[in-house]
Amino acid sequence: MRHSYRVTNTPDIQIPLEIRPKDGRFGAGPSKVRPEGIAALVAEAPLYMGTSHRQAPVRFMVSRLRNGLAEMFALPDGYEIVLGNGGTTIFWDAASFGLIENKSQHLDFGEFSGKFGSAVAGAPHLADPQIIAVEPGTRTEAVGTAGIDTYALTHNETTTGVSMPLVRPEGADDGALVLVDATSGAGGLRFDASETDCYYFAPQKVLGSDGGLWLAAMSPAAVERIERIAASDRWIPPSLNLKTAVDNSRKDQTNNTPALATIILAVELVEWINNNGGMEFAANRCDTSAATMYGWAESRDFASPFVENPEHRSSTVATIDLDDALDADTVNAVLRANDIVDTNGYRKLGRNQLRIAMFPAVDPADIEALTQCLDYVAERM
Ligand SMILES: *Cc1c(COP(=O)(O)O)cnc(C)c1O
């Protein structure tokens, strides 16, 4: 039994079924889970869900995830996929303990890219981080600086819809590492893994799975740094010890119990991408959706892309400003009453804005349909 949710005082606008998207989930995380993922979960469940994560069925699923991601990212020799529990937020703490040697540089261009820097700023064993902050909706580049051992980049700032190209900063010290929060980019945006040392993310965004896990593509230099710090006299909380995560990942396990459904849903999505042509297939779907979404916003007088520079606009998360006459909260409530959900902008940005995830799992035809629904609603408000 499905329910549609309608907030009181929402204008009673019924969007015709013919123009609605087939799937109305446009949230940036948790994001749409493909029905095929749920079907795979149901099919595997009897011998998988509720079984030991130390035994073959679950370990095999973890190995499929690690291998599938390595293939999708075309990882260079020696790079490996490491995983652990807790999601991206927990990974920041783990990295503060286990990856940053002394001083890091952070590019802050939105809520998430800012958070890692704040977490590091409070760590008593590290020097104050260098934070380079710019206005939301824009971006900046890492600046190679003597004494910085870790550069913290964000592939896609989910709160503003800005993505950045990944390149090692010129003039960085030898051995400096490039860490990239790719939570809303990994699997949707092209990149060259050799320009990064630790490309980390959680699977409830681009990978259309569920939360609770962090995953990272690590270079040999990153693993070497982890091992060196773990062997030093720095105190590391055991559950945040990245050396433990590396050791367990190599055995296709996690230190403590993972969410088994999260793993299988991620496997289904990654193998679907790989079986259809890999990263190009996924990135092309995002590009198609983005062209539709931004093209629509540019051609309407009541909407415009929030990110002014087209090169900075993300192809996985679009932020669309609405004219003041068209209240975004009301638009979102009308959409929700019509089973089109999670189109609201990021609260703290405080704009009259829609935010639309265009992850690979989202059908570009549904993005097209969404634009028609927005026209339909706008005409009637
Ligand atoms: C969602 C998100 C996070 C937080 O992920 P959690 O798994 O909820 O901790 C961090 N960074 C970015 C860029 C995100 O989009």
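Nothing here was measured: the structure is a model prediction, and the numbers come from that model.

Cut-offs and rules
Residues numbered from 1 in each chain as written. Predicted model: local features only at pLDDT ≥ 70, side-chain atom pairs only at ≥ 80, totals over all residues. Heavy atoms only, no water. Helix = DSSP H or I, 4+ residues; strand = E, 2+ residues; numbered from the N terminus. Rg over C-alpha atoms; globule rule 2.2 N^0.38 Å. Buried < 20%, exposed > 50% of the residue type's maximum accessible area, 1.4 Å probe, protein only. Contact = heavy atoms within 4.5 Å. Areas by Shrake-Rupley, 256 points an atom, 1.4 Å probe, with all protein chains shown as cover. Pairing = 2+ DSSP bridges. Axes fitted to C-alpha atoms, helices over the stretch in contact; angles between N-to-C directions. Parallel < 35°, antiparallel > 145°, perpendicular 65-115°, else oblique. Near = heavy atom within 4 Å. Polar contact = N/O pair within 3.5 Å; in protein donor to acceptor, adjacent residues only side chain to side chain. Phe/Tyr/Trp six-rings, centres within 6.5 Å; stacked < 30°, edge-to-face > 60°. Lys NZ or Arg CZ within 6 Å of the ring centre and 35° of its normal. Salt bridge = Lys/Arg side-chain N within 4 Å of Asp/Glu carboxyl O.

1. Side note on the overall build of the protein chain
Here comes step 1: Looking only at helices and strands, one finds 10 helices and 12 strands in the protein chain.
Here comes step 2: In terms of overall size, the protein chain behaves like a compact globule, its C-alpha atoms giving a radius of gyration of 21 Å where 381 residues would be expected to give roughly 21 Å.
Here comes step 3: Once the C-alpha set of the protein chain is aligned to its principal axes, its extents read approximately 65 × 50 × 35 Å.
Here comes step 4: When each of the 381 residues of the protein chain is scored for burial, the buried share is 58%.
Here comes step 5: Counted over contacts in the protein chain with a minimum sequence separation of 6, partners at least 24 positions apart contribute 74%.
Here comes step 6: Carbon and sulfur atoms provide 50% of the accessible area of the protein chain, an area that totals close to 15900 Å².

2. Describing the sheet that holds strand β10 (residues 303–305)
Pairing between sheet strands relies on hydrogen bonds along the backbone, with the strands arranged either parallel or antiparallel.
Here comes step 1: Reading across from one edge, β10-β11-β12 is the order of the three strands in this open sheet, with antiparallel pairing throughout. The open sheet has two edge strands with one neighbour each: β10 and β12 (353–357). Neighbour-to-neighbour, the strand axes of this sheet turn through a mean angle of 30°, independent of strand direction.
Here comes step 2: Two strands pair when backbone bridges link them, and β10 and strand β11 (residues 317–322) are joined in this way by three bridges, in the antiparallel orientation. Note on β11: the bridge partner recorded for A303 is L322.
Here comes step 3: Taken strand by strand, helix α8 (residues 279–299) contacts β10, β11 and β12, and its axis lies near 10° from that of β11.

3. Some details on the packing of helix α1 (residues 35–48) against helix α2 (residues 56–72)
Here comes step 1: Look at α1 against α2: their axes get within 10 Å of each other, and the N-to-C directions meet at 140°. Classified by the angle between their axes, α1 and α2 sit oblique to one another. Between α1 and α2, the residues in contact are E44, L47 and Y48 and P57, V58, M61 and R64, respectively.

4. Some remarks on the site of the ligand
Here comes step 1: Neighbouring residues of the ligand: G87, T88, T89, W92, F112, N156, T158, D181, T183, A202, Q204 and K205.
Here comes step 2: At 3.0 Å, a side-chain N or O of Q204 approaches an oxygen atom of the ligand.
Here comes step 3: Take K205: an N or O atom from its side chain is 2.7 Å from an oxygen atom of the ligand.
Here comes step 4: Protein chains shield 87% of the accessible area of the ligand, which is 380 Å² for the free molecule.
Here comes step 5: Here the shell around the ligand takes four residues from helix α3 (residues 87–98), the largest share from any one element.

5. Focus on the packing of aromatic side chains
Here comes step 1: Tallied over the entire structure, the rule returns 12 aromatic pairs.
Here comes step 2: Here the aromatic rings of F73 and F201 are separated by 5.7 Å at their centres, their planes lie at 85°, and the arrangement is edge-to-face. In this pair, F73 sits in the loop between α2 and β1 (80–85) while F201 sits in strand β8 (residues 198–201), placing the two residues 128 residues apart along the sequence. Comparing F73 with F201 shows no difference in burial state: the two are buried.
Here comes step 3: With a centroid separation of 3.8 Å and an interplanar angle of 10°, the aromatic rings of F191 and Y199 are classed as stacked.
Here comes step 4: Classification of F191 by relative accessible area gives buried; the value is 17%.
Here comes step 5: Taking the relative accessible area as the measure of exposure, Y199 reaches 0% and is therefore buried.
Here comes step 6: Taken together, the ring pairs in this structure connect F73, F191, Y199 and F201 into an aromatic cluster.
Here comes step 7: If you follow R34 out to its NZ or CZ, it ends over the ring of W272, 4.0 Å from the centre.
Here comes step 8: Cation over ring: R380 sits above Y376, and NZ or CZ is 3.5 Å from the ring centre.

6. Some words on the pattern of salt bridges
Here comes step 1: Tallying each qualifying case throughout the model produces 21 salt bridges.
Here comes step 2: Between D23 and R25 there is a salt bridge whose closest N-O contact spans 2.9 Å.
Here comes step 3: D23 sits in the buried class, given a relative accessible area of 14%.
Here comes step 4: Judged by relative accessible area, R25 falls into the partly exposed class, the value being 33%.

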